[in-house]
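# Examination of the molecular architecture
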Amino acid sequence: MKLITFEKDGRELAGVLSRNERFVLPVSSLGLPYESMQELICGLTAAERQLLSDAAAGQDGQGLPVESVRLLAPIPCPAQDVICLGINYMDHADEASRYKADAFGGERPYPIYFSKRVNRAVADHEPIPAHENLVDSLDYECELAVIIGRDTKNVSEEEAADCIFGYTILNDVSARNVQTRHKQWYFGKSLDGFTPMGPCILTDDEVAFPPKLSVRSRVNGELRQNSTTELLIFGVAHVISELSSGMTLKAGTIIATGTPAGVGMGFTPPRFLHPGDVVECSIEGIGSLTNPVH
Ligand code: MG
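Residues numbered from 1 in each chain as written. Predicted model: local features only at pLDDT ≥ 70, side-chain atom pairs only at ≥ 80, totals over all residues. Heavy atoms only, no water.

## Examining the sheet that holds strand S13 (residues 214–219)
Within the open sheet, the four strands sit side by side as S14-S13-S16-S17. Their pairing is antiparallel. The open sheet has two edge strands with one neighbour each: strand S14 (222–228) and strand S17 (287–292). Each adjacent strand pair in this sheet contributes to an overall mean axis angle of 15°, direction not counted. Pairing of S13 with S14, which is carried by six bridges, proceeds in the antiparallel orientation. For Val215, the partnering residue across the bridge sits in S14 and is Ser227. (Pairing = 2+ DSSP bridges. Helix = DSSP H or I, 4+ residues; strand = E, 2+ residues; numbered from the N terminus. Axes fitted to C-alpha atoms, helices over the stretch in contact; angles between N-to-C directions.)

Structure follows, in structure tokens:
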């Protein structure tokens with residue numbers, strides 16, 4: 001099923017989409033004690049999950065028409081920074097080191113982990129601010145994001161799938177000039193509005209593990225990225241197992257798994273984003289996330 005967060009009459013509510021995706025049912029209307037997606041992720045029992053799934057399957061034609069609500073990012077204000085994988089597709093490693101070898105080149109026997117502050121995630125169709133006072137090289141990165149479903153510590157790769165709540169699309173918007181002038185990438189990845197996310201969370205039961213999903217992005221309709229999560233260098237199970245060996249991954253943790261080739265810095269000359277451009281990120285089964293640059 002697909003879960004969304006939406007605004008109705010000034011309240012932010014979690015809801016489940018009907019199978020035909022034309023209606024949304026607030027989970028609170030089904031008798032569940034959760035308003036926000038974070039509460040739902042932390043508290044949802046197996047029986048409640050089944051109830052939601054049944055409601056999604058049986059409620060076509062009922063609930064609120066999707067056009068009557070304002071869609072928000074599925075987790076509008078993450079409880080913690082997003083954990084990101086850097087350089088996690090081989091073809092992106094090649095294009096990044098061509099762009100700036102000192103910043104992106106070299107051997108990497110272990111994953112690159114960095115974090116991304118998200119004061120508020122940007123919803124589908126909301127604008128990405130260009131920050132022209134600070135940024136001269138605005139870039140996009142379409143990524144599969146994993147949502148952790150329960151507090152997770154010391155799990156093996158075999159156990160990792162059981163810790164996943166679902167998946168969403170995350171655009172890891174990046175200011176290349178800011179990202180590379182500082183020793184760490186944090187600032188250049190964390191400007192306000194740099195985390196479009198959504199449009200929904202696709203629950204893990206709908207995705208075979210490990211996920212083998214096409215990942216694509218378009219800028220102004222032109223295909224830029226076209227890959228598959230089968231090509232992740234460090235896969236989802238490895239990442240969850242490795243991180244959880246030393247740190248608790250709290251329920252609601254968002255892990256962005258990295259981006260394939262085709263980002264703006266990968267072109268010669270680079271093709272960065274400018275106000276007026278429209279970026280569309282899409283992942284098989286989840287949908288698409290479209291954002292104009294302002
Ligand atoms: Mg990224």
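## Focus on the coordination of the magnesium ion
Around the magnesium ion, the protein contributes the donor atoms Glu141 (OE), Glu143 (OE) and Asp172 (OD), at 2.0 to 2.1 Å from the metal centre. Of note, the magnesium ion draws all its donor residues from one chain, in the sequence arrangement E-x1-E-x28-D. With Glu141 in the loop between strand S8 (138–139) and strand S9 (142–148) and Asp172 in the loop between strand S10 (164–171) and strand S11 (174–175), this residue pair connects regions lying 31 residues apart in the sequence. The exposure class assigned to Glu141 is buried, which follows from its relative accessible area of 5%. A residue is classified by how much of its surface remains accessible, and Asp172, at 0% relative accessible area, is buried. (Donors = N, O, S within 2.8 Å, 3.2 Å for Na, K, Ca; no water. Buried < 20%, exposed > 50% of the residue type's maximum accessible area, 1.4 Å probe, protein only.)

## So, the layout of surface pockets
The computed volume of the largest pocket comes to approximately 310 Å³. Lining the largest pocket are Asp102, Ala103, Tyr113, Phe114, Ser115, Gln179, Thr180, His182, Lys183, Gln184, Trp185 and Tyr186. Broken down by secondary-structure element, the contributors of at least two residues to the lining of the largest pocket are helix H4 (101–104), strand S7 (112–116) and helix H5 (176–181). Top element by residues in the lining of the largest pocket is S7. It accounts for three residues. Tallied by class, the residues present in the lining of the largest pocket amount to five nonpolar, five polar and two charged. Taken as a whole, the second largest pocket spans an internal volume of roughly 210 Å³. (1 Å grid on protein atoms, 1.4 Å probe; cavity = no way out; pocket = protein on both sides within 12 Å on 5 of 7 lines; lining within 4 Å. Points joined across faces, edges and corners; volume = space filled by probe spheres on them. Nonpolar A, V, L, I, M, F, W, Y, C, P; charged D, E, K, R; others polar.)

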